Amino acid sequence: MTAKKSVLVEKVEETKAVEEKALIKKIKTPQLLRGFRDILPEDQPYWDAVHQKGAELALAYGYDRIELPLVESAELFARSVGKQTDIVEKEMFLFPDASGTNIVLRPEATASCARAYIEHGMVDRPQPVKMYYQGPMFRYERPQAGRYRQFYQLGFESFGSADPVVDAEMIILGNILYNELGLPVVAHVNSLGTPESRTQYKVELVAHYRKHRNDICEDCKRRIVKNPLRVLDCKEEGCQNIKNNAPQLLDFLDEASKEHFMKVLEYLDEMNVSYVLTPHLVRGLDYYSHTVFEFYLADQEEGKRQSALGGGGRYDGLVELLGGRPTPACGFAPGVDRIMSAMKEKELSGLRYQPTVYLAPLGDAARKKAFPLFESLRQGGVLVTQTFGKSALKGQLEAADKAKVRYTLILGQKEVLDGTIIVRDMESGAQETVDIGKVLGILQKKMSSATLS
Ligand code: AMP
């Protein structure tokens, strides 16, 4: 009877387990949205290297940090970036908020910076006002390699100076940023001149495209009517030849614009910045004037689709467009995602925390002592690490090996009772037992002699 019952119980339990398994299967883990990604722990050395280098250069070159909101009014971008741009036409994450106001996840931050400049009366501060930011941007683009719907930029913006030295500073800064991260780059540069000098150019450009009306893509057909310069941004295979034979903006620049551009190039020559004149570079945004530029890897493989590592330019009209006093300005935005992937491709190491000491407690009593010891070491300037969640010595020694530390401190039951600790040299495997109260001093001494030798 009892045996029978237990078979029954077993059967019921088995069915229950099968049902539970089926239920687990039915629950689908929600996935990342298309075009979004996680920046994983293993990506952080690159992330940190880029952000730290950006912040370091911002400090040195006198750009003050500004934090801007991720959400702005739709109006800001329609007025600044331009209604006929791809960004505003089809790439904005635009929603009505609870009160019905149209809000946007920012597609870029130059417009936000200009808004802040006007809103906080920065025009009355000593000029130029130089600002630096870091953060995510959102564009509803077709996701592909190196193109995300949430991506990250650093940004350098300078308001209030029309001097070509500022345009040059942006390109020089960019060159230094990429080079110091281990990336050899070339800057593609062009001048858009002033809006006046572009008027005649646009007439000629439209005439050229009209001649090829039957061969150009649908987008370009629209562009030549609505916003002709945009045709130069076209990536369609069929339009490339027509684009390459189009009239060049540089030939239409007025004398002042030419002189401005020449001065920029002279600064670049002086700094040995590698650049190429790129007559059809116009960039995607409407508010640029004079210098525009984009950075590419210098040693990119032939035939491989290039994607810009960053770009920028002068935007003298933007502040006025947003209702401020006419204010010349210039900016540069490096793309963090693409820099990180170029660094990985080149097998650069990024920025890693390199501990020198690993603390391995064995057993509960040792773990209790381990926290205060760990803190006293850290506060004493020792670069120390741990995995207290591991209990066995083997696992902890493996972790210490992986962390590439110079020493592992082993604190077992016996050492706790004796008030000692074992210092293991990870290179030679030699171990010595020392007084736990003296271990900080011993490590500090070892470190300083290691630095001296
Ligand atoms: P832009 O604001 O369009 O001038 O972009 C400046 C830089 O940001 C580009 O050169 C890219 O490096 C980066 N970037 C722009 N759009 C994206 C995107 N959708 N995904 C990843 N990076 C981007």
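Keep in mind the model is a prediction, meaning the values are calculated, not measured. (Residues numbered from 1 in each chain as written. Predicted model: local features only at pLDDT ≥ 70, side-chain atom pairs only at ≥ 80, totals over all residues. Heavy atoms only, no water.)

A. Layout of the state of the cysteines. Following the criterion strictly, the structure yields 0 disulfides and no others. The closest cysteine sulfur to the non-disulfide-bonded Cys113 is located on Cys330, 13 Å from its own sulfur. For the unlinked cysteine Cys234, the closest cysteine sulfur is that of Cys220, found at 3.7 Å. Overall, the relative accessible area of 3% leaves Cys234 in the buried class. (Disulfide = S-S within 2.5 Å. Buried < 20%, exposed > 50% of the residue type's maximum accessible area, 1.4 Å probe, protein only.)

B. View of the packing of helix α6 (residues 164-180) against helix α10 (residues 255-270). In the contact formed by α6 and α10, the axes pass within 8 Å of each other and the chain directions differ by 40°. What the angle tells us is that α6 and α10 run oblique. Classified by chirality, the crossing of α10 by α6 is right-handed. Residues Pro164, Val165, Asp167, Ala168, Ile171 and Ile172 of α6 touch α10, and the partners they reach there are His260, Lys263, Val264, Tyr267 and Leu268. Its residues assigned to classes, the contact of α6 with α10 comprises 8 nonpolar, 1 polar and 2 charged. (Axes fitted to C-alpha atoms, helices over the stretch in contact; angles between N-to-C directions. Helix = DSSP H or I, 4+ residues; strand = E, 2+ residues; numbered from the N terminus. Parallel < 35°, antiparallel > 145°, perpendicular 65-115°, else oblique. Left-handed = near helix turned anticlockwise from the far one by under 90°. Contact = heavy atoms within 4.5 Å. Nonpolar A, V, L, I, M, F, W, Y, C, P; charged D, E, K, R; others polar.)

C. View of the site of the ligand. Near the ligand lie 15 residues; those nearest to it are Arg139, Glu141, Tyr148, Arg283 and Ala308. Arg139 is positioned such that a nitrogen or oxygen atom in its side chain is 2.8 Å from an oxygen atom of the ligand. Ala308 has a polar backbone atom sitting 2.8 Å from an oxygen atom of the ligand. For the ligand, whose unbound accessible area comes to 480 Å², protein coverage reaches 91%. (Near = heavy atom within 4 Å. Polar contact = N/O pair within 3.5 Å; in protein donor to acceptor, adjacent residues only side chain to side chain. Areas by Shrake-Rupley, 256 points an atom, 1.4 Å probe, with all protein chains shown as cover.)

D. Region of the structure containing the pattern of salt bridges. If you walk through the whole model with that rule in mind, you get 26 salt bridges. We note a salt bridge from Lys446 to Glu432, for which the minimum N-O separation is 3.3 Å. Of the two residues, Lys446 is situated in helix α16 (residues 439-452) and Glu432 in strand β16 (residues 431-435); the sequence distance between them amounts to 14 residues. Three or more residues joined by partner-sharing salt bridges are found here, namely Lys53, Glu56 and Glu180. (Salt bridge = Lys/Arg side-chain N within 4 Å of Asp/Glu carboxyl O.)

E. Expanded view of the sheet that holds strand β2 (residues 71-73). Ordered by their spatial adjacency, 3 strands build an open sheet running β2-β4-β3, and the pairing between neighbours is antiparallel. A single partner strand is all that each edge strand has here, and the edge strands are β2 and β3 (93-96). The sheet shows a mean angle of 35° between the axes of neighbouring strands, direction not considered. Bridging between β2 and strand β4 (residues 102-105) involves 3 bridges; their strand directions are antiparallel. Looking at β4, one finds that Glu72 is bridged to Val104. (Pairing = 2+ DSSP bridges.)

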